[in-house]
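Here is how the chains run, residue by residue.
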Amino acid sequence: MKGAGKLSVSSREQSHESYLRPFVVTRMHEDDLSLVVEIEEQSGLNRWGYDAYRRELLTNANAVMFVARNLYPGPSIIGFLAGWTVEDEMHINNIATHPEYRRMGVGESLMDAAIEESWRHGARYVLLEVRASNESAQLLYRKLGFSFVARRRDYYRFPTEDAFVMKLEMK
Ligand SMILES: CC(C)(COP(=O)(O)OP(=O)(O)OC[C@H]1O[C@@H](n2cnc3c(N)ncnc32)[C@H](O)[C@@H]1OP(=O)(O)O)[C@@H](O)C(=O)NCCC(=O)NCCS
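(A) Quick peek at the pairing of strand 5 (residues 125-131). Here strand 5 shows a buried face lined by Val126, Leu128 and Val130 and an unburied face lined by Tyr125, Leu127, Glu129 and Arg131. Across 4 bridges, the pairing between strand 4 (residues 89-97) and strand 5 is parallel. In the strand pairing of strand 5, Met90 is matched with Val126. The parallel pair strand 4 and strand 5 is bridged by helix 3 (residues 106-120), and the resulting crossover is right-handed. Where strand 5 meets strand 7 (residues 161-169), 7 bridges bridge the pair, whose relative direction is antiparallel. Considered in strand 7, the bridge of Val126 is made with Leu168.

(B) Inspection of the site of the ligand at higher detail. The environment of the ligand is formed by 21 residues, the closest being Arg102, Gly107, Glu108, Ser136 and Leu140. At the level of secondary structure, the elements contributing two or more residues to the shell around the ligand comprise strand 4, helix 3 and helix 4 (135-143). Tallying contributions element by element places helix 4 first for the shell around the ligand, with 5 residues. Residues of the shell around the ligand, tallied by class, amount to 9 nonpolar, 8 polar and 4 charged.

Calculation notes
- Within each chain, residues carry numbers counting from 1 in the order of the written sequence.
- Only residues with pLDDT of at least 70 get local features here, since the model is predicted, and only at 80 or more are side-chain atom pairs given and counted; chain-wide, interface and lining totals rely on the full set of residues.
- Buried means a residue has 20 or more other C-beta atoms within 10 Å of its own C-beta, exposed means 12 or fewer, and partly exposed covers the counts in between; C-beta atoms are placed from the backbone.
- Only DSSP runs of H or I with at least four residues qualify as helices, and only runs of E with at least two residues qualify as strands; both kinds are numbered from the N terminus onward.
- A pair of strands is treated as paired once DSSP finds two or more bridges between them.
- Handedness of a crossover is defined as follows: orient the strands so they point away from the viewer, and if the path from the first strand over the helix to the second runs clockwise, the crossover is right-handed.
- What makes a residue near a molecule or strand is its C-beta atom, placed from the backbone, lying within 6 Å of it.
- Each residue is assigned to one of three groups, with Ala, Val, Leu, Ile, Met, Phe, Trp, Tyr, Cys and Pro labelled nonpolar, Asp, Glu, Lys and Arg labelled charged, and all others, Gly among them, labelled polar.

Take a look at the structure:
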């Protein structure tokens with residue numbers, strides 16, 4: 001499929017990008033969850049927490065969950081993505097990169113992986129919400145081909161803020 005950026009990832013649990021980049025993107029495992037939650041807590045996201053990610057991972061057959069594994073010394077997990085595929089829709093619920101590993105392509109690679117997997121499961125478009133003030137995330141999504149489709153008033157809490165709904169049609 002096209003439309004999601006350059007390369008993707010992999011059910012083979014390996015990416016040939018590993019020759020170029022200090023990380024690989026793989027499916028999330030239960031052992032990854034404590035580091036996933038640490039990154040969530042460092043990233044200003046509305047909190048899901050350990051139990052919610054674990055429930056998703058172990059019991060939701062529609063869950064699409066990936067991590068970026070650091071190949072060098074430091075934290076073993078440097079980013080994660082959690083989403084769902086339901087019929088022809090992929091929904092991104094959460095994505096974050098460890099604050100010290102941003103602008104290295106982690107977020108883009110996680111999105112590529114999730115979009116490719118959801119395409120194989122029948123998704124033909126991707127939807128997500130993003131805080132109106134979150135310019136870095138919006139720039140990431142625009143780079144991948146997403147466009148603005150709606151504004152949801154006061155969608156977020158802590159702090160209260162509008163959401164932009166963004167959509168990518170997969171081709
Ligand atoms: C949004 C986020 C996941 C991006 O992750 P990342 O690993 O830094 O993103 P990447 O390095 O893959 O960036 C890919 C592209 O996105 C855009 N981008 C990402 N962060 C940007 C920033 N701070 N400023 C400008 N452009 C940015 C750029 O186009 C970038 O490509 P380039 O580096 O070739 O210019 C990360 O900033 C993050 O974790 N933020 C906190 C959590 C969050 O807001 N999640 C989104 C919730 S909707």
